[in-house]
Amino acid sequence: MAEKIVSNKSNLQILHEDNHIIVINKRVGDIVQGDKTGDKPLSEIVKEYIKDKYNKPGDVFLGVVHRLDRPTTGIVVFARTSKALERLNKMFSERETQKTYWAVVKNKPPKTEDKLVHFLKRNEKNNTSKAHSKEVPESKIASLDYQIIKELNNYFVLEINLHTGRHHQIRAQLQAIGCPIKGDLKYGFDRSNPDGGIHLHARKLAFVHPVSKENIEIIAPTPSDSIWKSI
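Small disclaimer: the values here were computed from a predicted structure and weren't measured.

Rules behind the numbers
Residues numbered from 1 in each chain as written. Predicted model: local features only at pLDDT ≥ 70, side-chain atom pairs only at ≥ 80, totals over all residues. Heavy atoms only, no water. Helix = DSSP H or I, 4+ residues; strand = E, 2+ residues; numbered from the N terminus. Rg over C-alpha atoms; globule rule 2.2 N^0.38 Å. Buried < 20%, exposed > 50% of the residue type's maximum accessible area, 1.4 Å probe, protein only. Contact = heavy atoms within 4.5 Å. Areas by Shrake-Rupley, 256 points an atom, 1.4 Å probe, with all protein chains shown as cover. Lys, Arg positive; Asp, Glu negative; His and termini not counted. Salt bridge = Lys/Arg side-chain N within 4 Å of Asp/Glu carboxyl O. Pairing = 2+ DSSP bridges. Phe/Tyr/Trp six-rings, centres within 6.5 Å; stacked < 30°, edge-to-face > 60°. Lys NZ or Arg CZ within 6 Å of the ring centre and 35° of its normal. Core = buried A, V, L, I, M, F, W, Y, C linked by side-chain atoms within 4.5 Å. Expected span 1.5 Å × (residues − 1). Arc of directions from axis to C-beta. pLDDT = per-residue confidence, 0-100.

*Asks:* Go over the overall build of the protein chain, please, and point to the residues and values.
*Replies:* Within the protein chain, the regular secondary structure consists of 4 helices and 11 strands. For the protein chain, the C-alpha radius of gyration of 18 Å lies close to 17 Å, the compact-globule estimate for 231 residues. Counting only C-alpha atoms, the protein chain reaches 55 × 40 × 35 Å along its principal axes. Put simply, the protein chain has 231 residues, and 48% of those count as buried. Residue pairs in contact within the protein chain that sit at least 24 positions apart in sequence constitute 61% of those at least 6 positions apart. As displayed, the protein chain has an accessible area near 12,100 Å², and 45% of this comes from carbon and sulfur atoms.

*Asks:* Lay out the side chain of R80 in plain terms, naming residues and giving numbers.
*Replies:* Mapped onto the elements, R80 comes out in the loop between β4 (73–79) and α2 (82–93). E17 is the oppositely charged side chain nearest to the buried, salt-bridge-free R80, at an N-O distance of 4.3 Å. Those residues in contact with R80 that lie beyond four places of it in its chain are E17, D18, N19, H20, I21, I22, I50, Y54, K56, F61 and L62.

*Asks:* Give a description of the pairing of strand β2 (residues 21–26) that names residues and reports values.
*Replies:* Where burial is concerned, most of β2 is hidden: 6 out of the 6 residues are buried. Residue alternation in β2 divides its side chains into two sets, I21, V23 and N25 and I22, I24 and K26, and both sets are buried. Here strand β1 (residues 14–17) runs beside β2; their pairing, made up of 3 bridges, is antiparallel. Each residue of the ladder has a partner; that of I14, found in β2, is I24. The hairpin formed by β1 and β2 contains 3 residues between the paired strands. In this sheet, β4 lies alongside β2 in antiparallel orientation, the contact comprising 6 bridges.

*Asks:* Describe the pattern of salt bridges, and please don't skip the residues or the numbers.
*Replies:* Per the counting criterion, the structure on display carries 11 salt bridges. For E48, the salt bridge identified is with K40, shortest N-O distance 2.8 Å. In this structure, D190 engages R191 in a salt bridge whose closest nitrogen and oxygen atoms are separated by 3.5 Å. Relative accessible area serves as the criterion here: at 57%, D190 is assigned to the exposed category. It is possible to trace a salt-bridge network through shared partners that takes in D69, R171 and D184.

*Asks:* Go over the packing of aromatic side chains with me, naming the residues and quoting the values.
*Replies:* Counted according to the given criterion, the structure contains 0 aromatic pairs. One Lys or Arg, R203, reaches over the ring of W102 and ends 4.2 Å from the middle of that ring.

*Asks:* Before we move on, could you go through the pairing of strand β5 (residues 98–105) and cite the residues and values that matter?
*Replies:* With 7 of 8 residues buried, β5 lies mostly within the body of the structure. Of the strand pairs in this sheet, β5 and strand β10 (residues 200–208) are connected by 6 bridges, and their pairing is antiparallel. Directly across from T100, in β10, lies its bridge partner K204.

*Asks:* Give a description of the nonpolar core that names residues and reports values.
*Replies:* Formed by 52 residues in total, the largest nonpolar core has its most connected members in V46, I75, F78, L88, I160, I170 and L174. Contact partners of L88, with chain neighbours within four places excluded, come to I21, V65, V77, A79, F207 and P210. The next biggest cluster of nonpolar side chains, apart from the first, holds 8 residues, and it includes V104, Y155, I227 and W228.

*Asks:* Run through α2, naming residues and quoting values.
*Replies:* In a regular helix each residue adds 1.5 Å, so 12 residues correspond to 16 Å; α2 covers 16 Å between its end C-alpha atoms and thus fits that length. Buried within α2 we find A84, L85, L88, M91 and F92. Here the buried residues of α2 occupy an arc of 130 degrees about the axis, which is enough to place them on one side. Away from the buried face of α2 by more than 90 degrees, exposed residues S82, E86 and S93 are located. In this structure, the buried residues of α2 make contact with β2, β3 (63–64), β4, β5 and β10. Directly beyond the C-terminal end of α2, a positive phi value near 60 degrees is found at R95.

*Asks:* Explain the confidence of the model for the protein chain to me, using residue names and the numbers behind them.
*Replies:* Reading fine detail from the predicted coordinates is not recommended where pLDDT is low. Across the protein chain, the average pLDDT comes to 93, with 96% of residues at 70 or higher. Contacts for the low-pLDDT stretch residues 1–7, under 50 throughout, to residues beyond four places or in other chains number 14 contacts.

Following this line, the structure appears as structure tokens:
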């Protein structure tokens, strides 16, 4: 499917929109849902866009189905109806969606492609997760597969398919094999990116539409910095 973005005055990058769902290409720094920072979340911006576009009186319904970390970019799905929200929540929790990410790392992974299985333990105090090779108390199994899809001058681009959806899973598992993501100071990269983001992008999402039942495949264009542009 070709990459596409619908332009609008809210400056949202809309990848798909119908009566039941709306899919956004999240930018670096956007928060999906409100948090203690008090910054305006993407969910509120999307609500305002819908209210303005369709001249809706009163409150606009918008359900948050899943989230991306603030420094990460790419696909975020919102539900526009309660029926869609209920069905999407079930699909995401039961892993009935196919998520593909792209990550840029400086160190070459041990193998060109591999399946990684770790036990992730979350540290609520500093909002990180640590990947262990063996089960430890309060850990959860985490699994993904990756392959190198491009070698740049100083970096390697990985395509990653998630089998589980743990907190900071990709970031922690790549750190565990000595391949922290570019810009990810929290997980061992040596310097930050100028925009405060990291080179992790939710590239593709495939799922069955919660209402129409058609197969949907969405591809999110990468950000416009020089490294992403060279892929």
